[in-house]
Amino acid sequence: MNQRYSQSSTAHESAKVLLPGGVNSPVRALRSVGGVPFFASRGSGPYLWDVDGNRYVDYIGAYGPLVLGHADPRVVEATAAALQEGTAFGAPTVRETELAELVAQLVPGVERLRLVNSGTEATMSAIRVARGATDRAKIIKFNGCYHGHADYLLVKAGSGALTFGQPDSAGVPAGAAADTLVADYNNLDSVERLLAANPDSVAAIIVEPVPGNMGVIPPAEHFLSGLRDLCNTHGTLLIFDEVMSGFRVHLNGAQALYGVQPDLTCLGKVIGGGLPVGAYGGRADLMACVAPEGPVYQAGTLSGNPLSVAAGIATLSALLTEGTFDAIVDHTSTLCEGIRTAAIHAGVSVCVQQVGTMFTTFFSPKDSIGGLSDVQECDFDAFKTFFHTMRDHGINLPPSQYEACFVSAAHDASSLQQTLDAVGHALTAVANR
Ligand code: PMP
């Protein structure tokens, strides 16, 4: 056993007795790269510590939410103050409206919204609204896009589902997935064919406008606007799942970056600053379908939780301070450029793709990775060596080629330099396999 992770190893053995895989979300078990998952003890700024006392520069950022870094003092203070006032009320609070105002001001397609507890709830609820508003049952999703773990969305899903080589989960009845049609990302023809074959029956197209769940993949020119046009032609609603891309690819979401307005938007992660949250919103007429104003039922005991809302307001407010977002994007670019240069020196083929504050290093000789089939052709063995060498040098990367790395406002010159030093070692290890 690697002594560096001995306490984590012990903790994992104990956890496995009660928790499947010793974890509460599958990707954390490191099954695709092997090795002991480290057990986290605390985080501060760009760093995370494990129970063995190892320090890591963290590029997981809780899989997206921690855009300010770990335990940002502004977020901690706001959340602690809210905690003193009580953890849940079962009654509306003024801060929920404040967070809603912030989100509606920032995200062009969101006129009205509802807060929920997770990204999964956001996508499930948005699809229910789309089905209720159009009185149609079918939806189109894309191969490799992940939208949470609702039955009918676990079809050709990305991220953890792909990592386990089992795109469709056991326990999903055929009937639950029967209304889910699957198209190829960045391929408008595949969408057009499905719409033509299912006239007047597709309620919505749901898409990660910038997928992060098969690694970071930018949309091809005209892909998102093409989806918008197809939706307009077929009376189908367009849902952007910005749970990951929201406040990550652009301060105003992928919809602002690419100038395409969806009918409904799903959010999560950053808007809760690391506490459980999600939101769905969009056109005012569609959101008027939601109970109690309309017939589409959706509810939640802890929805709009005061701690999550306080953390979310603090996070978004800090992110809005002059220059903050642009500085994260600049740091991300510096890192991506450094990885490309180091790969040339090491003689390793990589394709580093960045959108805003997210990036993925694909081990591929291709100039660009445009969809799932490109990702599936990557050198997964190279990724595995890269991942473990980085981790042994104190850099925490997501443990799968199918994930995005997240940079935060707390990543500074020193943590970036430490990362690039480790990248040099890790790419040499890849070259010398
Ligand atoms: N949609 C997207 C695009 C996501 O990345 C995720 C989570 N990674 C979800 C939905 C589901 O969110 P949650 O894990 O909060 O349920």
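Residues numbered from 1 in each chain as written. Predicted model: local features only at pLDDT ≥ 70, side-chain atom pairs only at ≥ 80, totals over all residues. Heavy atoms only, no water.

**Focus: the overall build of the chain**
Secondary structure summary: the chain contains 15 helices and 14 strands in total. Its C-alpha atoms give the chain a radius of gyration of 21 Å, within 12% of the compact-globule value 22 Å for 433 residues. Expressed along its principal axes, the backbone C-alpha trace of the chain runs to roughly 60 × 55 × 45 Å. Within the chain, the fraction of its 433 residues that count as buried is 56%. Computing the positive centroid from 26 side-chain charges and the negative centroid from 41, the chain places the two 5 Å apart. (Helix = DSSP H or I, 4+ residues; strand = E, 2+ residues; numbered from the N terminus. Rg over C-alpha atoms; globule rule 2.2 N^0.38 Å. Buried < 20%, exposed > 50% of the residue type's maximum accessible area, 1.4 Å probe, protein only. Lys, Arg positive; Asp, Glu negative; His and termini not counted. Charge placed at Lys NZ, Arg CZ, Asp CG, Glu CD.)

**Observations concerning the pairing of strand β7 (residues 202–207)**
Regular strands have side chains that alternate between both faces of the sheet. Most of β7 sits inside the fold, with six of its six residues counted as buried. One ladder, built from three bridges, connects strand β5 (residues 138–142) with β7; its direction is parallel. Counted as the bridge partner of K138 is V202 from β7. Here β7 runs beside strand β8 (residues 237–241); their pairing, made up of four bridges, is parallel. What sits directly across from A204, in β8, is L237. Viewed along the sheet, the connection from β7 through helix α8 (residues 223–234) into β8 turns out right-handed. (Pairing = 2+ DSSP bridges. Right-handed = clockwise from strand over helix to strand, strands pointing away.)

**Things to note about the environment of Q298**
Within the secondary structure, Q298 sits in the loop between α10 (284–287) and α11 (306–319). Overall, the relative accessible area of 7% leaves Q298 in the buried class. Residues Q298 and A126, spaced 172 residues apart in sequence, show a C-alpha to C-alpha distance of 9.9 Å. Apart from residues no more than four positions distant in its own chain, Q298 is found in contact with R114, V116, E121, S125, R128 and Y280. Only 2.8 Å separates the side chain of Q298 from the side chain of Y280, close enough to count as a polar contact. (Contact = heavy atoms within 4.5 Å. Polar contact = N/O pair within 3.5 Å; in protein donor to acceptor, adjacent residues only side chain to side chain.)

**A closer look at the domain arrangement of the chain**
Assigned domains within the chain: domain 1 (3–71 + 323–431) and domain 2 (73–319). Taking only C-alpha atoms into account, the centre of domain 1 sits 25 Å from that of domain 2. Listed as interface residues are 36 residues of domain 1 and, on the opposing side, 38 residues of domain 2. Taking both sides of the interface into account, the surface hidden between domain 1 and domain 2 amounts to around 2,800 Å²; carbon and sulfur atoms contribute 68%. Seen at the junction of domain 1 and domain 2, the total is eight residue pairs in polar contact (both at pLDDT 80 or more). In terms of residue count, the dominant contributor to the side of domain 1 that touches domain 2 is strand β12 (residues 358–362) (four residues). (Domains from an automatic or database assignment. Buried area = accessible area lost by both parts, 1.4 Å probe.)

**Here we look at unusual backbone geometry**
Geometrically, the link from A291 to P292 is a cis peptide bond, its omega value of 10° lying close to zero. Tracing the backbone through its elements, the reader meets P292 in the loop between α10 and α11. The backbone of Y63 shows a phi angle near 65°, a positive value even though the residue is not glycine. Tracing the backbone shows Y63 in the loop between β3 (55–58) and α2 (73–85). In the Ramachandran plot, D135 falls in the positive-phi region, its phi being about 60° despite a non-glycine side chain.

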